[in-house]
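# A structural walkthrough
So the chains spell out like this:
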Amino acid sequence: MNVSLRQLKVFMVVARSKNFSRAGAEIGLTQPAISRCINELEAQLGLRLVDRTTREVSLTDAGVTLAGNLDRVLDELEIALLQTHGAEARTTGRVRVGAAPTISATLMPRVLLASQATYPDIALALVDQMQRAVLDSVRAGDVDFGIVVAPQGADDLYTELLMSEPFCLVCRTDHPLATQAAVHWSELSGENLVLLNQGSGSRPLIDRALTTQKVQGTITQELGHVSTIFRMVQEGLGVSILPPFALPLPENSTLAVRPLLPAFERAIVLARRKNRSLSPVAQTMWELIHRVVRERNGQLRGDAQAFVTAATAATATAAVTDAAGGKA
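Just so it is clear, the structure is predicted and the values come from calculations on it, not from any experiment. (Residues numbered from 1 in each chain as written. Predicted model: local features only at pLDDT ≥ 70, side-chain atom pairs only at ≥ 80, totals over all residues. Heavy atoms only, no water.)

Right, let's get into the nonpolar core. Membership of the largest hydrophobic core comes to 48 residues, with the highest contact counts inside it found for Leu107 and Ile147. Looking at which domains feed residues into this core, each of domain 2 (87-164 + 268-306) and domain 3 (168-263) supplies at least three. Counting 21 residues, the second-largest nonpolar core is a separate cluster that includes Leu8, Phe11, Met12 and Ala23. (Core = buried A, V, L, I, M, F, W, Y, C linked by side-chain atoms within 4.5 Å. Buried < 20%, exposed > 50% of the residue type's maximum accessible area, 1.4 Å probe, protein only. Domains from an automatic or database assignment.)

Enumeration according to the criterion identifies three aromatic pairs in this entry. Consider the rings of Phe145 and Trp286, whose centres lie 5.2 Å apart with planes at 70°: the pair is edge-to-face. With Phe145 in strand S5 (residues 145-149) and Trp286 in helix H11 (residues 280-296), this pair connects stretches of sequence that are 141 residues apart. Assigned by exposure class, Phe145 and Trp286 land together as buried. Note on Trp185 and Phe264: the rings are 5.5 Å apart at their centroids and 80° apart in plane angle, and the pair reads as edge-to-face. Note that Trp185 is positioned in the loop between strand S8 (183-184) and strand S9 (192-196) and Phe264 in the loop between strand S12 (255-261) and strand S13 (265-273), a separation of 79 residues in sequence. Given a relative accessible area of 22%, Phe264 falls into the partly exposed group. (Phe/Tyr/Trp six-rings, centres within 6.5 Å; stacked < 30°, edge-to-face > 60°. Helix = DSSP H or I, 4+ residues; strand = E, 2+ residues; numbered from the N terminus.)

Written as structure tokens, this is what we have:
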């Protein structure tokens, strides 16, 4: 059997694009050249891999089986070839990282600066998307990996924990709840709520907390950008529930941040395709992000660190109060 790497790569592009012309445009070959490669591969294997129509192609059962196995094999082969270049393969190249908006705005600037200082020959590109789009991009291979709120029902992805943080209340400084050191979730009943929309990875966790704590609030706005939420709250349209990563508050705002009790946390994770090794240069960025978060040790979140400290103290105070039968 004399199957070439070129034939296999052409087949994978055809399997993904379902069209000879689109496949040819993607890899710089003519439609007849694409067709010839597929014919030669089928002849070598003695199997029909694709069914052709006038508009597109579809995979046969044998084609589906080959594509499913070959995708992983070609990835591993590419990584093996890159690794033969030694250390240079880990510090030279391009890496695309997907991140949800609050993470893009807070964590990624520090990562980009660290990358530029430590690995000047790595081109690190940030793809700023809502959580669901980041996960889709990871699955499709459009980004090397993503940084997201720990997803539910994503068994096809491999994740590593970066950090955890409790949600907090954001309200105006003249709001009655702003006079308290900490706010119980139950005290949000009757409030107008300005929340992140369903595209956010945090929203399912917020909804779960509201349900668990039996909060009877009115969701008046659901928004995709934290800056818009701050503006809405500033104008008195409601209060919000946000992760500390959304901080700091806008300059000169009359907004306050208070811990919410009991603490409900969200986990921030790195996510990549399961059973697929990262390229050496992508692995370098994966490790750099861990290092940035570890070295900053919470200072990464700026004003959010003060919030976390206050939340811990408030939780301890609440525990003492409960133990004393309501007397601190």
